[in-house]
Structures are given as C-alpha cells and as structure tokens.
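Fold and contact review
In case you want the letters, here they are:
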Amino acid sequence: MPVDTAVLHRFSLRAPLAATLAGAVLCLSGCSMFGGAKDPVVPVSASPDAGAQTVQASKLQKVLWIFSPYRPDIQQGNFISQEMLTQLKVGQTREQVKFLLGTPLLTDIFHADRWDFPFYLARGNGELTSSRVTVYFKDNKVEKFDGGNLPTEKEYIARIAGPSKVAAKEAPRKEEAGSASIKINK
C-alpha cells in the first residue's frame, strides 16, 4: 500500500524541527551558569565590616530561569538582624549572647574565645545573600563584636516572601438597616 508523499513531506520537516527545539531547551535548562558567570557562591569570609552582601541574578539568568528545573531556596546559618545586633552589648555573658543570637554555627577549638555566625541564603532565582557576625569573648564576657550593616527583620521577610502589599484605605462602609455603631471619644 503506497504512502501519500504529502504526509511524508510534512513528517520529514516537523520531526527534525521538533528534535532541534527539544534539544535546545534541554541544553539551555542544564546551563544554569550560562553567560560567563564563574562561581555562584558568595564567600562568607568577606570582610566583617561589609555586613550583608547580596548578589542579584543577571538578566540572562532571569530569562533562562523559565527553562531551568525547580531550585528551592537554601538557607544556612543563623540570620541575625540589625535589631538583634543592637541588643548585643559589651560585657554580656555567653549565655546572654546565645539567647540573643542563637547557637553559634562555628566554634573553633583554636579560638575558644570567638564565635562566628555565618549566614547564607541562596534563592532559587539565583540571588545570593551572605553575612557574618563574629563575637569575641574575654573572661567569658563579650569584649567586641563585628557585624557591619545587616538587614532589618522586615527587609529579610520582604526578601523571602516578596514585598508586602500596602492595604488600600478602605472607604467608609455604609451601615445596614438595623445596625448601630458607637464612637467613643476620650
């Protein structure tokens, strides 16, 4: 039984085109660092006075994000906000520091009088945030601490959940028949 040449012609053009398109999508989805970016990791050992450092994804990475697999947000370490750091004072005990900042992620046996609190947040969209707070002790009391310019808690929540939507002012509601409202002035 002969096959119609028009059917073969359509199939012979569509198959290579579909295969090429599928191959291009697979290649681009595997190239998360396409565009010449080298190391996506922001060094946590940056200068302590630098505070929190954020690296945004490039425009090309944002475009290619559509084709990339799902990447969850990864948070490591203790988040320390500006409000938490302002509560830390020279002369506090180790227990008070642990209460304010949490358990230190790094305690070094060679530097027993130093606690390091590194923080690293890698968003799925390629945005990287890192910070480091170091507390130095002398006779089990805080001698000094380094932290730099840290974000506030509101800024951190906005970074994770997105900016909050400001609620529009509600227009005064019309009262229903049979309801009453009382306004008390002091």
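Each value, and the rule that gives it
Residues numbered from 1 in each chain as written. Predicted model: local features only at pLDDT ≥ 70, side-chain atom pairs only at ≥ 80, totals over all residues. Heavy atoms only, no water. UniProt positions renumbered as here; feature names shortened; annotations may be inferred. Salt bridge = Lys/Arg side-chain N within 4 Å of Asp/Glu carboxyl O. Helix = DSSP H or I, 4+ residues; strand = E, 2+ residues; numbered from the N terminus. Buried < 20%, exposed > 50% of the residue type's maximum accessible area, 1.4 Å probe, protein only. Arc of directions from axis to C-beta. Contact = heavy atoms within 4.5 Å. Patch = residues over 30% accessible without salt bridge, like charges linked within 9 Å, V, L, I, M, F, W, Y side chains within 5 Å. Areas by Shrake-Rupley, 256 points an atom, 1.4 Å probe, with all protein chains shown as cover.

An unreviewed UniProt entry annotates the protein as Outer membrane protein assembly factor BamE of Massilia violaceinigra. Reading the Sequence similarities (unreviewed entry) entry of the UniProt record for the protein gives the comment "Belongs to the BamE family."

**Some thoughts on the pattern of salt bridges**
Overall, the coordinates contain four salt bridges when judged by the stated rule. Among the ionic pairs, arginine 123 bridges to aspartate 73, the shortest N-O distance being 3.2 Å. With arginine 123 in the loop between β4 (114-122) and β5 (128-138) and aspartate 73 in the loop between α2 (59-64) and β2 (74-77), this pair connects stretches of sequence that are 50 residues apart. A salt bridge links aspartate 113 to arginine 94, with the shortest nitrogen-to-oxygen separation between them at 3.1 Å. Of this pair, aspartate 113 sits in the loop between β3 (106-107) and β4 while arginine 94 sits in helix α4 (residues 94-101), and the two are 19 residues apart along the sequence. One network of salt bridges, in which partners are shared, links Arg114, Asp116 and Arg132.

**Considerations on α4**
Arg94, Val97, Leu100 and Leu101 are the residues of α4 that are buried. Buried residues in α4, looked at end-on, bunch into an arc of 125 degrees, giving them a common side. Across from the buried face of α4, at angles greater than 90 degrees, the exposed residues are Glu95 and Phe99. If you follow the buried residues of α4, they end up packed against α3 (82-87), β4, β5 and β6 (141-146).

**As for the environment of arginine 114**
Mapped onto the elements, arginine 114 comes out in strand β4. The spatial distance from the C-alpha of arginine 114 to the C-alpha of proline 104 is 9.6 Å, given a sequence separation of 10 residues. In this structure arginine 114 touches Leu106, Thr134, Val135 and Tyr136, once residues within four positions along its chain are discounted.

**A look at a nonpolar patch on the surface**
Where nonpolar side chains cluster on the molecular surface, the patch consists of Trp65, Ile66 and Phe67 and spans about 360 Å² of accessible area. Note that tryptophan 65 resides in the loop between α2 and β2. Among the residues examined, tryptophan 65 registers a relative accessible area of 51% and is labelled exposed.

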